[in-house]
Amino acid sequence: MTTGNNGRALPRAGRALPWALVTPALGWTLVFFVLPFIAMGLSSLTAHERGGFTASNYSQFFTNPAYWQAMVNSLEVTAIVTVVSVLLAYPFAWILAEQVPERWQRLALMLAVLPFWTSYVVRSYSWLLVLAQNGVINRALTGSGLFSEPLQLANTRFATVTGFVHFFVMLLTLTIFANLKQLSPSYRKAAADLGAGPVRTFLHVVLPLTLPGIMVGAFLTFVLCIGDYITPQILGGNNELLMPQLVMMQIGRRGDFPLASALSIILMAVVTIAYLACARWLKIERA
């Protein structure tokens with residue numbers, strides 16, 4: 001029997017209310033996530049054109065060096081983007097939280113999130129114009145006499161990483177800033193009373209307490225970066241194949257939906273492993 005806080009049995013309407021509130025969310029998840037995922041899983045186990053169940057789509061990933069290299073490229077790019085974004089975002093968030101006066105922090109945050117107000121595609125093409133052979137950077141370098149020929153900046157991994165970092169630094173800044181603002185000043189005062197200097201206070205007090213914010217932002221960066229198709233396609237120029245591009249190639253060029261489904265599930269498995277690793281690590285830190 002279901003009881004309330006006062007020990008009385010709840011009426012039937014009271015017991016049904018929680019289910020009524022969560023039913024729309026459960027229905028949305030079922031229709032737009034669970035069922036499509038099941039359909040994709042079944043499709044990944046079918047043979048292209050011939051039909052019938054088979055595991056050959058998964059075996060192709062492990063036996064085809066090009067497919068395996070696409071996963072390695074995605075993991076390398078994602079790791080570089082995540083590390084660089086964290087290293088840039090933490091000092092930025094620290095300045096916003098500790099150095100900017102309280103009355104100006106909202107304005108500073110609004111200016112920091114301005115890139116989110118621009119279309120993702122527009123930002124990518126803007127970076128392509130900046131990094132092109134006749135773009136702003138190359139014109140400045142050749143005009144100043146530092147280089148006689150324009151550098152190959154666009155259509156490279158450097159261009160892809162630059163476009164990603166421009167976006168994800170802001171995301172990480174918000175998560176780290178929120179953690180820094182929640183940090184009580186009494187921790188720093190207690191560390192100072194115990195003889196710790198600014199560096200030791202940061203390394204042994206501030207940094208460990210803000211690690212949850214870093215890990216949340218880093219995981220979001222990992223998920224969004226490893227599954228992104230637009231930025232590598234525009235800035236990378238197909239010179240380096242990543243997993244999202246490989247998936248779209250199977251659909252657009254070959255019409256091989258079973259293989260594309262298998263590659264997508266493998267990519268989701270990698271993201272799940274990353275989530276489990278982060279969750280376990282955060283649990284140890286909090287304990």
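To be clear, the structure that these remarks concern was listed above.
Below is a short write-up of the structure. Just so we're clear, the structure is a prediction, and the values are computed from it rather than from any experiment. Position numbers for residues start from 1 in each chain and track the written sequence from start to end. Local features are withheld for residues below a pLDDT of 70 in this predicted model, meaning they are given only at 70 or higher, and side-chain atom pairs are given and counted only at 80 or more; totals for whole chains, interfaces and linings count all residues. Hydrogens are left out, water is left out, and the side-chain values use all remaining heavy atoms of the structure.

Cysteine sulfur atoms are paired as a disulfide whenever they fall within 2.5 Å. Applying the stated criterion across every chain, the model contains 0 disulfides. Free cysteine cysteine 225: the closest other cysteine sulfur is in cysteine 278, separated by 14 Å.

Bringing the packing of helix α5 (residues 120-131) against helix α6 (residues 136-143) into the picture now. Axes, fitted as lines to C-alpha atoms, cover a helix only where it is in contact. Angles between the N-to-C directions of the axes lie from 0 to 180 degrees. Numbering of helices and strands runs from the N terminus, with a helix taken as a DSSP run of H or I at least four residues long and a strand as a DSSP run of E at least two residues long. For the pair α5 and α6, the least separation of the axes is 4 Å and the interaxial angle reads 15 degrees. By the criterion of interaxial angle, the relationship of α5 to α6 is roughly parallel. Residues Leu129, Val130 and Leu131 of α5 form the contact with α6, whose participating residues are Val136, Ile137 and Asn138. Classifying every residue of the contact of α5 with α6 by side-chain character gives 5 nonpolar, 1 polar and no charged. Throughout this description, any angle smaller than 35 degrees is read as roughly parallel, any larger than 145 degrees as roughly antiparallel, any in the 65 to 115 degree range as roughly perpendicular, and the remainder as oblique. Any two residues having at least one pair of non-hydrogen atoms within 4.5 Å are treated as being in contact. Under this grouping Gly is polar, as are all residues other than the nonpolar Ala, Val, Leu, Ile, Met, Phe, Trp, Tyr, Cys and Pro and the charged Asp, Glu, Lys and Arg.

Despite not being glycine, asparagine 155 has its phi angle at roughly 60 degrees, a positive value. You can see asparagine 155 is positioned in the loop between α6 and α7 (157-182).

Our focus in this paragraph is the nonpolar core. Here the nonpolar core consists of buried residues drawn from Ala, Val, Leu, Ile, Met, Phe, Trp, Tyr and Cys, with membership extended through side-chain atoms lying within 4.5 Å. Whether a residue is buried, partly exposed or exposed follows from its accessible area with a 1.4 Å probe, protein chains only, as a fraction of its type maximum: under 20%, in between, or over 50%, in that order. Counting 32 residues, the largest nonpolar core has Val81, Phe164, Phe168, Ile176 and Leu180 as the members making the most contacts within it. Residue assignment for this core shows that the elements contributing at least two residues are α3 (65-99), α4 (102-112), α7 and α9 (198-226). Ranked by residues supplied to this core, first place goes to α7 with 12 residues. Ignoring anything within four residues of it in the chain, the contact list for valine 81 reads Val161, Phe164, Val165, Phe168, Thr221 and Cys225. Listed in part, the 20 residues of the second largest apolar core include Ala70, Leu246, Leu259 and Val270.

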